[in-house]
Amino acid sequence: MEKSVIRVFENENVLLESFATFLIRSANEAIEEKDSFNLCLSGGNSPKKLYSLLASETYRNLIPWYKVHFFFSDERYVAADSLESNALMAKTLMLQPLGIPLENIHVIDTSLSPQQAANAYQKELEKYFQRSGIEFDLILLGLGGDGHTASLFPFSSILSDEQPAVKMDFIKKMSAFRITLNAPLINQAHQIAFLVYGQSKAEAVSYVLGKDVNIEKFPAQLIHSSHGLVFWFLDREAASVLNNDIDSIP
Ligand code: 6PG
């Protein structure tokens, strides 16, 4: 994969601390340059510990958080107070403990229909980014064991999208709707960082970063930053099947 930086860490704790340090550096560089930072969050389980870490005493004072705007790469089509909601998870673990002002938190409105929610989020992004184009400073992503990222699932019709957009999709195997940034939109970000750890992700990591390209089966292979780099932060377990030249940090 072009312009990918793969970093492998000894264990989950070292991985999470390095990821937090990377995010803090990225935020402070953007804030220094343009007085703001926009960060697109991922959902699922993997980022939970990262969000708690960023809100902890060690890290909370390292960024002027009120200058950060938060967005979501995808959302489950559930009520805002559902325990399945990615936004609720991020709010509970990080955004509320850090005292982020509400106007800096841009959630996907699941009280609308799935299609309306996608359209409304696209408008919200266009309003925030205005004429500059929707180019996030940093997007965090996770990887599903089946090779999906954000809500770009194997064999979905949105995998062939060519225009950047927010899309809704019905995921058959979950019998559920998701709202997601599509790959062209994600790829406009200045930096993209995957956070993947644990043995259960090892096979998916090896396929996605392997030499064979099969986007339908491994949608995460669609992710290439058109402006910058894609960082893969892995622990040893997630990297254990990977057979590449990797930048291993013991
Ligand atoms: C979600 C996601 C999704 C997630 C992967 C990995 O809403 O579930 O944003 O793309 O990042 O499924 O999830 P885990 O970290 O829970 O394995």
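Visitor: Any chance you could explain the pairing of strand β9 (residues 229-235) here in plain terms?
Guide: Consecutive side chains of a regular strand alternate in pointing toward one face of the sheet and then the other. Across the seven residues of β9, six count as buried, placing the element largely inside the fold. Note: strand β8 (residues 191-196) against β9, six bridges, orientation parallel. Within β9, the position partnered with V196 by the bridge is L234. Read from β8 through helix α6 (residues 202-208) to β9, the crossover connection turns out right-handed.

Visitor: Is there a simple way to explain the nonpolar core in this structure?
Guide: Generally speaking, a soluble globular protein has its nonpolar side chains buried in company with each other. F136, L181, W232 and L234 are the most contacted members of the largest nonpolar core, which totals 83 residues. In terms of residue count, the dominant contributor to this core is helix α1 (residues 12-34) (10 residues). When near neighbours in sequence (up to four residues on either side) are disregarded, F136 contacts N38, C40, F71, L125, F129, L181, A189, H190 and Q191.

Visitor: How should I be thinking about the environment of Y77 in this particular structure?
Guide: If you trace the backbone, Y77 turns up in the loop between β4 (74-76) and α3 (86-95). Exposure remark for Y77: the relative accessible area of 29% places this residue in the partly exposed category. As for Y77 and P164, which are separated by 87 residues in sequence, their C-alpha atoms are 21 Å apart. Setting aside anything within four residues of it in sequence, one finds Y77 in contact with T110, L112, S113, P114, F177, R178 and I179.

Visitor: Help me out: how do you make sense of the pattern of salt bridges in this one?
Guide: Pairs may arise between side chains of opposite charge once their charged atoms sit close together. Scanning the entire structure with this criterion turns up eight salt bridges. Notably, a salt bridge pairs D137 with K34, separated by 2.7 Å at the nearest N-O pair. One end of the pair, D137, is in the loop between α4 (114-129) and β5 (138-141); the other, K34, is in helix α1, with 103 residues separating them in the sequence. Owing to a relative accessible area of 37%, K34 belongs among the partly exposed residues under this scheme. Note that D74 is salt-bridged to R178, the shortest N-O span being 3.6 Å. With D74 in strand β4 and R178 in strand β7 (residues 176-181), the pair connects residues that are 104 residues apart, well separated along the chain. Neither D74 nor R178 differs from the other in exposure class; each is buried.

What counts and how
Residues numbered from 1 in each chain as written. Predicted model: local features only at pLDDT ≥ 70, side-chain atom pairs only at ≥ 80, totals over all residues. Heavy atoms only, no water. Buried < 20%, exposed > 50% of the residue type's maximum accessible area, 1.4 Å probe, protein only. Helix = DSSP H or I, 4+ residues; strand = E, 2+ residues; numbered from the N terminus. Pairing = 2+ DSSP bridges. Right-handed = clockwise from strand over helix to strand, strands pointing away. Core = buried A, V, L, I, M, F, W, Y, C linked by side-chain atoms within 4.5 Å. Contact = heavy atoms within 4.5 Å. Salt bridge = Lys/Arg side-chain N within 4 Å of Asp/Glu carboxyl O.

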